[in-house]
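So you can see what is in the structure, the chains are spelled out below.
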Amino acid sequence: MTLTEPDQPVLLEVSTVGELLYRAAARWPGREAIVFPDERATFPGLLQGAEQAARSLLSLSVGRGDRVGILMPNRIAFLEVLFGCHLIGAVPVTINARYKPKELLHVVRDAGLSAIVTTDVIADHAPFVDLLARAFAGGRPPALRHLVMLGTASPPGYVDRAAWEQGAVSRADVDVHALAGGVGGREIAVIMYTSGTTSSPRGCPLSHQALVRTALCAADRFSLTEDERFWDPLPLFHMAGLLPMVANISRGGAMLSMLHFKADVALRQLVEERATFAYPAFPTITQALVHHPDFAAADLSRIRGILETGPADYLCGVEAAFPGAKVVSSYGLTEAGGVITYSHLEETFEERIGTTGRPFPGMRVRIVDPETGLDCPAGVQGEIRVTGPGMFEGYLNDPVYTAERTDEQGFLCTGDLGALDEQGRVIYTGRLKDMLKVGGENVAAAEIEAHLGQHPAVKIAQVVGVSDARLIEVPVAFVELAPGRKAEPEELIEHCRLSLASFKVPRRVFFVDEWPMSTTKIQKFRLRELAEERVHGRPERKEN
């Protein structure tokens, strides 16, 4: 089954992110654009900071087409540099703040960065100067001309904040608005690297038109207004943080963000800033809020919508925990502008919980049998394939891999499993790589995870396969218990045995207090390695 949504609802009033910011500053001069617990900025203030960053970059001979790495946690300075690049036609490359030296060096080389802008503000225990020093222990890549420190320190070899600001003064005569007007919609707005949960990170260049268009679709789907107080604690170097930011700029709403997520700080921010929409998106964040001792007393009645992911039973529980809000879900990937579907707040409970909604206007979705390549009928599971105007420009420096991931009709093969209902809503069911082969039987890890999640002691469950001499592989589970709850592995195994076929029952259960993460995703390949080590006393063999 192939679904194409009509293209008529989305009209590009502007074609670049820079134009969007200029328009917002003119339309909503008194409105807040971004709010952190310790800093905030109006739309004109954010624009002024972006123009200053643009001038500072120009003073370093960074201009149109040059690629600028942003290695920072969520701060206003991050956005000023990002939008400053957009105003002069430079290309921001958002770098995952959790990267290790090897991954960082790969991105710097692969993207051909001319400059890296970082900070001495520490988040997630990541001192960036030390990280960069370890990454460049063998020498700095020759294309990398500048390291910029936007903090209080002045490390050797860095352009410090004083020099950065003086650079802006030296280019005060430059008409940044005119430069922004010369940037084309088909030019690259951002290069964002995929999370690298199963391989080295790959660059995904997105044009201004793709990013703006997707943001406008998100704004329409959520009915965002200038009165919005949109809470999103996710990293701005990830599309889950950047896309809602651009969507709210398009409507004049305020984005509420955080340096890094802490449940107690988040609850205070949600209450004090009168949040109207919450975008935790991942159970690790939502469950930390719900299980916090202050949650029950927090006034969250203004929240009208919550974006969350997970199986239907879990989403039902989230909606029950936020009785004044409706839970919506999404489906997307970086290659498709971050998101291609959100469910509508106006849809029925079953439609919002059981599906991720219809694709955005112009986006086309195929559900294909991964073995035959034939389209699946409505309701039948297959691989999700997508194309449309929100798509990326192909994997950076890797046309061969881009071709391998593109089918004969021009659709990207996502590696995700799902189906379309009769009305064209996408139903996401898991990853092809999350399918276990247990004695010849296909087993979806998501099914076991959903069942484990129904146990009252389970906060989060993740299932992976571990090698087995007789059955090829068998499922094992990693479980984080809910606060104050206790359970034994045998109890959870029996919970599965009572309701699932025997080949789906986890052979072992391991309890964890924290998860190996890549941005916002649990790294299942690391769980597989850990499972192999615990079960067989050896690490999992990696394929080349």
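See the structure printed just above.
Residues numbered from 1 in each chain as written. Predicted model: local features only at pLDDT ≥ 70, side-chain atom pairs only at ≥ 80, totals over all residues. Heavy atoms only, no water.

Undergrad: Sorry if this is basic, but what is going on with the overall build of the protein here?
TA: Check the secondary structure of the protein and you find 17 helices and 27 strands. A compact globule built from 544 residues would reach a C-alpha radius of gyration of about 24 Å, and the protein, at 23 Å, matches this within 12%. Reported as C-alpha extents along the three principal axes, the dimensions of the protein are approximately 75 × 55 × 55 Å. Taken over 544 residues, the protein has a buried fraction of 58%. (Helix = DSSP H or I, 4+ residues; strand = E, 2+ residues; numbered from the N terminus. Rg over C-alpha atoms; globule rule 2.2 N^0.38 Å. Buried < 20%, exposed > 50% of the residue type's maximum accessible area, 1.4 Å probe, protein only.)

Undergrad: Which parts of the structure should I look at to understand unusual backbone geometry?
TA: Backbone phi values are negative for most residues with the exception of glycine, while trans is the configuration of most peptide bonds. Unlike most non-glycine residues, Ala-281 shows phi in positive territory, near 70 degrees. Position of Ala-281 among the secondary structure elements: in the loop between β12 (277-278) and α11 (283-290). A positive phi angle is found at Ile-472, which is not glycine, with a value near 75 degrees. Summarising the element assignment, Ile-472 is placed in strand β24 (residues 472-481). What makes Ile-472 exposed here is its relative accessible area of 58%.

Undergrad: Would you mind showing me how to read the pattern of salt bridges here?
TA: Side-chain pairing between opposite charges can occur once the charged atoms of the two side chains come close. Under the counting rule described, the total for this entry stands at 31 salt bridges. When the shortest N-O distance is used, the salt bridge between Glu-347 and Arg-425 registers 2.8 Å. Of this pair, Glu-347 sits in the loop between β16 (341-342) and α13 (349-354) while Arg-425 sits in the loop between β19 (412-420) and β20 (426-431), and the two are 78 residues apart along the sequence. Given a relative accessible area of 5%, Arg-425 falls into the buried group. For Glu-449, the salt bridge goes to Lys-524, with nearest N and O atoms at 2.5 Å. Of this pair, Glu-449 sits in helix α15 (residues 445-452) while Lys-524 sits in helix α17 (residues 524-536); the two residues are 75 residues apart in sequence, bridging distant segments of the chain. On the basis of relative accessibility, which here comes to 15%, the residue Glu-449 falls in the buried class. Beyond isolated ion pairs, a larger network of salt bridges with shared partners links Arg-366, Asp-375, Glu-383, Arg-385, Asp-407 and Glu-408. (Salt bridge = Lys/Arg side-chain N within 4 Å of Asp/Glu carboxyl O.)

Undergrad: How should the packing of aromatic side chains be read in this particular structure?
TA: Aromatic ring pairs: the centre-centre distance and the angle between the two ring planes describe each pair. Enumeration according to the criterion identifies 14 aromatic pairs in this entry. Here Phe-392 and Tyr-395 contribute two aromatic rings whose centre-to-centre distance is 4.9 Å and whose plane-to-plane angle is 75 degrees, an arrangement assigned as edge-to-face. Clustering of aromatic rings is evident, with ring pairs tying together Phe-222, Phe-230, Phe-277, Tyr-279, Tyr-342 and Phe-360. Geometry around Tyr-401 places Arg-202 over its ring, the cationic atom sitting 3.6 Å from the centre. Taking NZ or CZ as reference, Arg-366 lies 5.6 Å from the ring centre of Phe-411, over its face. (Phe/Tyr/Trp six-rings, centres within 6.5 Å; stacked < 30°, edge-to-face > 60°. Lys NZ or Arg CZ within 6 Å of the ring centre and 35° of its normal.)

Undergrad: I would appreciate a short explanation of the side chain of Thr-414 in the present structure.
TA: Relative to the assigned elements, Thr-414 resides in strand β19. For Thr-414, a relative accessible area of 4% gives the class buried. A distance of 3.4 Å separates the side chain of Thr-414 from the side chain of Tyr-331, its partner in a polar contact. Once residues lying within four places of it in the same chain are set aside, the contact partners of Thr-414 are Tyr-331, Leu-333, Glu-383, Ile-384, Arg-385, Val-386, Arg-405 and Arg-431. (Polar contact = N/O pair within 3.5 Å; in protein donor to acceptor, adjacent residues only side chain to side chain. Contact = heavy atoms within 4.5 Å.)

Undergrad: Mind showing me how you'd approach the packing of helix α2 (residues 43-59) against helix α6 (residues 161-170) here?
TA: Helix-helix packing is described using two parameters, namely the angle between the two axes and the distance between the axes. The N-to-C vectors of α2 and α6 enclose an angle of 90 degrees; their axes lie 7 Å apart at closest approach. Looking at the two axes, α2 sits roughly perpendicular to α6. On the side of α2, the interface is formed by Gln-52, Ala-53, Arg-55, Ser-56, Leu-57 and Ser-59, while α6 contributes Trp-164, Glu-165, Gly-167, Ala-168 and Ser-170. Grouping the constituent residues of the contact of α2 with α6 by class yields four nonpolar, five polar and two charged. (Axes fitted to C-alpha atoms, helices over the stretch in contact; angles between N-to-C directions. Parallel < 35°, antiparallel > 145°, perpendicular 65-115°, else oblique. Nonpolar A, V, L, I, M, F, W, Y, C, P; charged D, E, K, R; others polar.)

Undergrad: Whenever I open this one, helix α16 (residues 489-497) confuses me. Can you help?
TA: Since the α-helix advances by 3.6 residues per turn, residues separated by three or four positions end up pointing in the same direction. For α16, the set of buried residues is Pro-489, Leu-492, Ile-493, His-495 and Cys-496. One side of α16 carries all its buried residues, which in axial view fall inside an arc of 155 degrees. (Arc of directions from axis to C-beta.)

Undergrad: Whenever I open this one, empty space enclosed by the protein confuses me. Can you help?
TA: The rolling of a water-molecule-sized probe over the atoms marks out the regions of remaining empty space. Applying the stated rule across the entire model yields three cavities of 30 Å³ or more. By volume, the largest cavity amounts to about 40 Å³. Its residues placed into classes, the lining of the largest cavity shows five nonpolar, two polar and one charged. (1 Å grid on protein atoms, 1.4 Å probe; cavity = no way out; pocket = protein on both sides within 12 Å on 5 of 7 lines; lining within 4 Å. Points joined across faces, edges and corners; volume = space filled by probe spheres on them.)

Undergrad: Would you mind showing me how to read the sheet that holds strand β3 (residues 40-42) here?
TA: Pairing between sheet strands relies on hydrogen bonds along the backbone, with the strands arranged either parallel or antiparallel. With mixed pairing, the seven strands of this open sheet are ordered in space as β3-β2-β11-β10-β12-β13-β14. Both outer strands of the open sheet, β3 and β14 (326-328), are each paired with one neighbouring strand and no more. Relative to β14, strand β13 (residues 305-307) runs parallel, the two being bridged by three bridges. In the strand pairing of β14, Gly-305 is matched with Lys-326. (Pairing = 2+ DSSP bridges.)

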